[in-house]
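These are the residues of each chain, in order.
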Amino acid sequence: MAVGNGKRGTAIRTFYGLARHEVRLLVSLVLWLARRTHGTTGGRAFGYARGQGTTLFGLGFVCVVESLTMSVLLRNWPTAHRVMLLLDLYTLLFVVGLHAACVVRPHVLTPDALRVRYGAHVDLRIPLTAIGAVRRETRTTHERTAGELDLPVASRTTLTLELTAPLTRTTLLGRRRTASVIRLHAEDPDGLVRALTRV
């Protein structure tokens, strides 16, 4: 019975995490269209989305081509055509939402913390007192390693943070992970390093 409850609890957490992610993407789209940002009041924003815009818009273009192709192939099956059209439109909205979330949810430096984010996936508040070292370090390869969190944009990170103690976070699917080394991307990595070493 306990095993069943455990599986059911995991499924509920997974569903809740995915639903919350979808809502954040939709909110990000609205903010993007309104040219506003999320959670930057009282802090200095550092963007990171510029490096992946081309890739995501290329993916969006592929979605449009695929939609047009399927509409031709399914023209004699109107029900299947309508279903595929809805799925294709949702996929396109999802891709644009991914980019919008990265644009409107930048990293934010406040007087007492650095808020490290990646779109609607990751939102991690790191107290400045927990940052032991920060350095400008460009990496284009990232291996999944215990105790490390890599947030590459276009397969690249430009900053490495070493924490004085492991920080616990909750993943999109509700799992708990700890990290004492965080690598992230910023469009102005030198500016972020200077700002962090100045405080």
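Presented here is an overview of the structure given in this document. (Residues numbered from 1 in each chain as written. Predicted model: local features only at pLDDT ≥ 70, side-chain atom pairs only at ≥ 80, totals over all residues. Heavy atoms only, no water.)

## Brief notes about the sheet that holds strand 8 (residues 176–184)
The sheet built from 4 strands is open, its strands ordered 5-7-8-6 with mixed pairing. The open sheet is flanked by strand 5 (131–139) and strand 6 (147–151), the only strands paired with a single partner. Strand-to-strand twist across the sheet, computed as the mean angle between neighbouring axes with direction ignored, equals 40°. Looking at chain direction, strand 6 and strand 8 are connected through 5 bridges and run parallel. Of the residues in strand 8, the one forming a bridge with Gly147 is Ala179. Where helix 4 (residues 189–198) meets the sheet, it contacts strand 5, strand 7 (157–170) and strand 8, and its direction lies at approximately 170° from that of strand 5. (Pairing = 2+ DSSP bridges. Helix = DSSP H or I, 4+ residues; strand = E, 2+ residues; numbered from the N terminus. Axes fitted to C-alpha atoms, helices over the stretch in contact; angles between N-to-C directions. Contact = heavy atoms within 4.5 Å.)

## Section: the pattern of salt bridges
Taken as a whole and assessed by the stated rule, the structure comprises 10 salt bridges. Across the pair Arg115 and Asp123 runs a salt bridge, and its minimum N-O distance is 2.7 Å. The salt bridge involving Glu137 is made with Arg135; its shortest N-O contact spans 3.7 Å. Within the structure, one salt-bridge network assembled from shared partners comprises Arg135, Glu137, Arg139 and Glu162. (Salt bridge = Lys/Arg side-chain N within 4 Å of Asp/Glu carboxyl O.)

## Brief notes about the layout of surface pockets
Volume-wise, the largest pocket comes out at about 800 Å³. Considering the residues around the largest pocket, the lining is formed by 26 residues, among which Val122, Leu149, Arg169, Thr171 and Arg177 are closest to the centre. Contributing elements (two or more residues each) for the lining of the largest pocket: helix 1 (2–33), strand 4 (122–127), strand 6, strand 7 and strand 8. For the lining of the largest pocket, the leading source of residues is strand 6, giving 5 residues. Taken together, the residues of the lining of the largest pocket break down into 8 nonpolar, 8 polar and 10 charged. (1 Å grid on protein atoms, 1.4 Å probe; cavity = no way out; pocket = protein on both sides within 12 Å on 5 of 7 lines; lining within 4 Å. Points joined across faces, edges and corners; volume = space filled by probe spheres on them. Nonpolar A, V, L, I, M, F, W, Y, C, P; charged D, E, K, R; others polar.)

## Overview of the nonpolar core
Core analysis: the biggest nonpolar cluster contains 25 residues, and Leu114, Ile126, Ile131, Leu161, Ile182, Leu192 and Leu196 have the highest contact counts within it. Elements with a contribution of two residues or more to this core: strand 3 (113–118), strand 4, strand 5, strand 6, strand 7, strand 8 and helix 4. By size, the runner-up hydrophobic cluster in this structure holds 7 residues, among which are Leu56, Cys63, Val95 and Ala120. (Core = buried A, V, L, I, M, F, W, Y, C linked by side-chain atoms within 4.5 Å. Buried < 20%, exposed > 50% of the residue type's maximum accessible area, 1.4 Å probe, protein only.)

## Overview of empty space enclosed by the protein
Tallying each qualifying case throughout the model produces 1 cavity of 30 Å³ or more. Volume-wise, the largest cavity comes out at about 30 Å³. Split by residue class, the lining of the largest cavity holds 2 nonpolar, 2 polar and 4 charged.

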